[in-house]
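So you can see what is in the structure, the chains are spelled out below.
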Amino acid sequence: MESDEAAAASPQATTPSGGTGASAPKKRGRKPKSKDDSQTPSSQQQSGGKMKESGKKTTQQPSVDDKYSQWKGLVPILYDWLANHNLVWPSLSCRWGPQLEQATYKNRQRLYLSEQTDGSVPNTLVIANCEVVKPRVAAAEHISQFNEEARSPFVKKYKTIIHPGEVNRIRELPQNSKIVATHTDSPDVLIWDVETQPNRHAVLGAANSRPDLILTGHQDNAEFALAMCPTEPFVLSGGKDKSVVLWSIQDHITTVGTDSKSSGSIIKHTGEGSDKNESPSVGPRGVYHGHEDTVEDVAFSPTSAQEFCSVGDDSCLILWDARTGTNPVTKVEKAHDADLHCVDWNPHDDNLILTGSADNTVRLYDRRNLTSNGVGSPIYKFEGHKAAVLCVQWSPDKSSVFGSSAEDGLLNIWDYDRVSKKSDRATKSPAGLFFQHAGHRDKVVDFHWNASDPWTIVSVSDDCETTGGGGTLQIWRMSDLIYRPEEEVLTELEKFKSHVLTCASKP
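Please read all numbers here as calculations on a predicted model, not as lab measurements. (Residues numbered from 1 in each chain as written. Predicted model: local features only at pLDDT ≥ 70, side-chain atom pairs only at ≥ 80, totals over all residues. Heavy atoms only, no water.)

K.L.:
Even after reading the chapter, I still don't get the overall build of the protein chain, so can you show me in this structure?
P.N.:
A count of helices and strands for the protein chain gives 6 helices and 31 strands. For the protein chain, with 507 residues in total, the buried portion stands at 55%. A total accessible area of about 21,500 Å² is found for the protein chain, and carbon and sulfur atoms account for 48% of it. (Helix = DSSP H or I, 4+ residues; strand = E, 2+ residues; numbered from the N terminus. Buried < 20%, exposed > 50% of the residue type's maximum accessible area, 1.4 Å probe, protein only. Areas by Shrake-Rupley, 256 points an atom, 1.4 Å probe, with all protein chains shown as cover.)

In structure tokens, the structure reads:
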């Protein structure tokens, strides 16, 4: 198997200035924008210090580099652990795979990434091994001593799959996380058994890896909206054809996804054929119509494989039930004031649904009371981003906590329970916001909570606008003093204070 050394890799020196030439950039900001886009963060940074035309005296705004330097200086205080991994090519998705082993000071776990190239080498799906340091193990002075242009010693490439087209999204099957689905710029969903796929060397002209299964049913490209069911081996997708499509992998073979210990492939043989059409395919169980524009994200109910939701560029949130037909159960018009990019259903409370939008906000909906006078009526509107929200996800560790990432380069961690407490009024921070990860210097296109290691997150940014190419992968865990109950933290700090005073009093 392939294993990368922890060596320096400068994106300025080794990466192109853009993404693939295969398709035009999407407006949602997940793919590299053109260099002449005057609204890019980098162009704003370049001119950020200039005075406005009005002649009024203005204060110079801190640059991205200034903000980043300030953040890096606070890393030993804010974080229990952080690993920074430079990516030569940007990855538009990042997901945790199965945990492989547990040791005294760290755990080893699979990590799924991708490489979105300019065509000089193939696009790839990357399976990496990640060493996740356990809580209260890393020394504070060490976690901030990393080189932004180097690969992390905690992340090693294990296997490369040559992907037919760029990888826009990766989702793992919860019942067997060795099985992943990918979206590319095509109508098909590709299913891979990453353990049985052969390791490939990604060189120009190399044949594509062959998917273990192809899910067909979309009539136009399906690029981002992709979900795997937590209760059954079902796959959900949305696309430019304005439809939501549901499949069961069991329609192809009954054993996959139901036995997490099985290492068998979805098909008997996986080759290195150059044509993905050689792979077996399966049609949908249902095609659901109700959106009037591209479907951008989908999510399953945590309790039922037959219930799911979707959001799209029509500013709608739609709830579906496969048992009642292919029409919407509930359609929420004007769920946001712009395109919706992402949605997530609370795994702890199946009444709560999060949405994120190009209007820079995250909204929380209760399925029992979704609308008022025909338009969306959220429980709360979270306002803490300065650009389009690209990804939202509930925490697996606390039912009221969730994360949101955006084109402003921030990954915000919120707690809905804190909204009503008004304890943050003195700090002037948005209600509910209790942590802001500012380690990325460009749009944070994806992140994933680690279900095996509490409060541990992997996040990835596409750095084409700030560094001219590449991306940054970060694996991090905030200090537990930030999220633990206040009384518990104060008790611990009081003990620490007593210990310090005792030590100081000794000759």
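Still to come is the rest of the account.
K.L.:
Hey, could you run me through the confidence of the model for the protein chain in this one?
P.N.:
Predicted coordinates in areas of low pLDDT are best not read in detail. The predicted model of the protein chain averages 85 in pLDDT, with 82% of residues at 70 or higher. Segment residues 1-57: pLDDT under 50, and 121 contacts once partners within four positions in sequence are set aside and those in other chains are kept. A low-confidence stretch, residues 254-274 (pLDDT under 50), is modelled with 52 contacts involving residues beyond four sequence positions or located in other chains. (pLDDT = per-residue confidence, 0-100. Contact = heavy atoms within 4.5 Å.)

K.L.:
What am I meant to see in the pairing of strand E29 (residues 444-449) here?
P.N.:
Across a regular strand the side chains alternate sides, sitting on one face of the sheet and then on the other. Most of E29 sits inside the fold, with 6 of its 6 residues counted as buried. Taken together, the 5 bridges between E29 and strand E30 (residues 456-462) define a ladder with antiparallel strand orientation. When the bridges of E30 are listed, Asp-446 appears paired with Val-460. With antiparallel pairing between neighbouring strands as the criterion, E29 and E30 make up a hairpin whose turn holds 6 residues, including Trp-455 at a positive phi of roughly 65°. (Pairing = 2+ DSSP bridges.)

K.L.:
Is there a simple way to think about the layout of surface pockets in this case?
P.N.:
Empty space left among the atoms is revealed by rolling a probe the size of a water molecule over them. There is about 870 Å³ of room inside the second largest pocket. Lining the second largest pocket are 40 residues; nearest its centre among them are Arg-95, Glu-172, Pro-174, Gln-393 and His-448. Put simply, the parts of the chain that give the lining of the second largest pocket at least two residues each are strand E2 (95-102), strand E6 (169-173), strand E10 (226-228), strand E15 (295-300), strand E19 (340-345), strand E25 (389-394) and E29. Residue composition of the lining of the second largest pocket, by class: 23 nonpolar, 9 polar and 8 charged. (1 Å grid on protein atoms, 1.4 Å probe; cavity = no way out; pocket = protein on both sides within 12 Å on 5 of 7 lines; lining within 4 Å. Points joined across faces, edges and corners; volume = space filled by probe spheres on them. Nonpolar A, V, L, I, M, F, W, Y, C, P; charged D, E, K, R; others polar.)

K.L.:
Where do I start with the nonpolar core in this structure?
P.N.:
The nonpolar side chains of a soluble globular protein tend to be buried with one another. Counting residues in each nonpolar core, the largest one holds 40 residues, and the members touching the most others are Tyr-79, Leu-111, Ile-413, Leu-473, Ile-475 and Trp-476. With near-sequence residues (within four places) excluded, Leu-111 lies in contact with Arg-95, Trp-96, Gly-97, Val-126, Ile-127, Ala-128, Cys-130, Val-458, Leu-473 and Ile-475. The next biggest cluster of nonpolar side chains, apart from the first, holds 16 residues, and it includes Ala-225, Val-295, Phe-300 and Trp-320. (Core = buried A, V, L, I, M, F, W, Y, C linked by side-chain atoms within 4.5 Å.)

K.L.:
What's the story with the sheet that holds E30 in this structure? I'm lost.
P.N.:
Sheets are built from strands paired through backbone hydrogen bonds, the pairs being either parallel or antiparallel. Spatially, E1-E31-E30-E29 is the arrangement adopted by the 4 strands of the open sheet, whose pairing is antiparallel. With one partner strand each, in any of the chains shown, strand E1 (79-87) and E29 form the two edges of the open sheet. Each neighbouring strand pair of the sheet contributes to a mean axis angle of 15°, computed without reference to strand direction. Examined bridge by bridge, E1 and strand E31 (residues 471-478) share 8 bridges and lie antiparallel to one another. Opposite His-85, over in E31, you have Leu-473 as the bridge partner. Contacts between helix H3 (residues 64-78) and the sheet are confined to E1 and E31, with E1 contributing the most and set at about 140° to the helix. (Axes fitted to C-alpha atoms, helices over the stretch in contact; angles between N-to-C directions.)

K.L.:
Where do I start with the pattern of salt bridges in this structure?
P.N.:
A side chain with one charge may pair with a side chain of the opposite charge, provided their charged atoms come close. Taken as a whole and judged by the stated rule, the model has 25 salt bridges. The salt bridge involving Asp-366 is made with Arg-368; its shortest N-O contact spans 2.7 Å. For Asp-366, a relative accessible area of 12% corresponds to the buried category. Judged by relative accessible area, Arg-368 falls into the exposed class, the value being 61%. Here the residues in one salt-bridge network are Arg-136, Asp-480, Arg-484, Glu-488 and Glu-492, joined through shared partners. (Salt bridge = Lys/Arg side-chain N within 4 Å of Asp/Glu carboxyl O.)

K.L.:
Where do I start with a nonpolar patch on the surface in this structure?
P.N.:
A cluster of nonpolar side chains, Leu-481, Leu-490 and Leu-493, forms an exposed patch at the surface whose accessible area comes to about 250 Å². One can find Leu-481 in helix H5 (residues 480-483). Relative accessible area serves as the criterion here: at 34%, Leu-481 is assigned to the partly exposed category. (Patch = residues over 30% accessible without salt bridge, like charges linked within 9 Å, V, L, I, M, F, W, Y side chains within 5 Å.)

K.L.:
I would appreciate a short explanation of H3 in the present structure.
P.N.:
Along H3, the helix axis deviates most sharply at Lys-72, where the bend reaches about 30°; the proline Pro-76 sits within four residues downstream. Where the residues of H3 are buried, they touch E1, helix H4 (140-143), strand E28 (433-437) and E31. (Bend = angle between axes of the 7 residues up to and from the residue.)

K.L.:
Explain the environment of His-448 to me, please; I cannot follow it from the model alone.
P.N.:
Within the secondary structure, His-448 sits in strand E29. C-alpha of His-448 to C-alpha of Arg-95: the two residues are 353 residues apart in sequence and 5.8 Å apart in space. Dropping the residues within four chain positions of it, His-448 is found in contact with Cys-94, Arg-95, Trp-96, Glu-172, Gln-393, Thr-456, Ile-457 and Val-458.

K.L.:
Please clarify how the pairing of strand E14 (residues 286-289) should be interpreted in this entry.
P.N.:
Side chains Gly-286 and Tyr-288 project from E14 onto a buried face, and the interleaved Val-287 and His-289 project onto a face without burial. Examined bridge by bridge, strand E12 (residues 243-248) and E14 share 4 bridges and lie antiparallel to one another. When the sheet's bridge partners are listed, Ser-243 is paired in E14 with His-289.

K.L.:
Before we go on, may I ask you to explain the packing of aromatic side chains in this structure?
P.N.:
Evaluated as defined, the whole model comprises 18 aromatic pairs. Each ring, one from Tyr-68 and one from Trp-71, has its centre 5.4 Å from the other, and the planes form 35°; the classification is tilted. Separated by 3 residues within a single helix, Tyr-68 and Trp-71 lie in helix H3, roughly one turn from each other. Both residues of the pair, Tyr-68 and Trp-71, count as buried. Ring geometry for Trp-81 and Phe-154: centres 5.3 Å apart, planes at 85°, overall edge-to-face. Of this pair, Trp-81 sits in strand E1 while Phe-154 sits in the loop between H4 and strand E5 (155-162), placing them 73 residues apart in sequence. On the basis of relative accessible area, Trp-81 is assigned to the buried category, the value being 1%. Using a relative accessible area of 24% as the deciding quantity, one classes Phe-154 as partly exposed. A network of ring pairs unites the aromatic residues Tyr-380, Phe-382, Trp-394, Phe-402, Trp-414 and Tyr-416 as a single cluster. Sitting above the plane of the Tyr-158 ring, Arg-110 keeps its charged end 3.9 Å from the centroid. Over the face of the ring belonging to Tyr-68 we find Arg-441, whose NZ or CZ atom lies 4.4 Å from the ring centre. (Phe/Tyr/Trp six-rings, centres within 6.5 Å; stacked < 30°, edge-to-face > 60°. Lys NZ or Arg CZ within 6 Å of the ring centre and 35° of its normal.)

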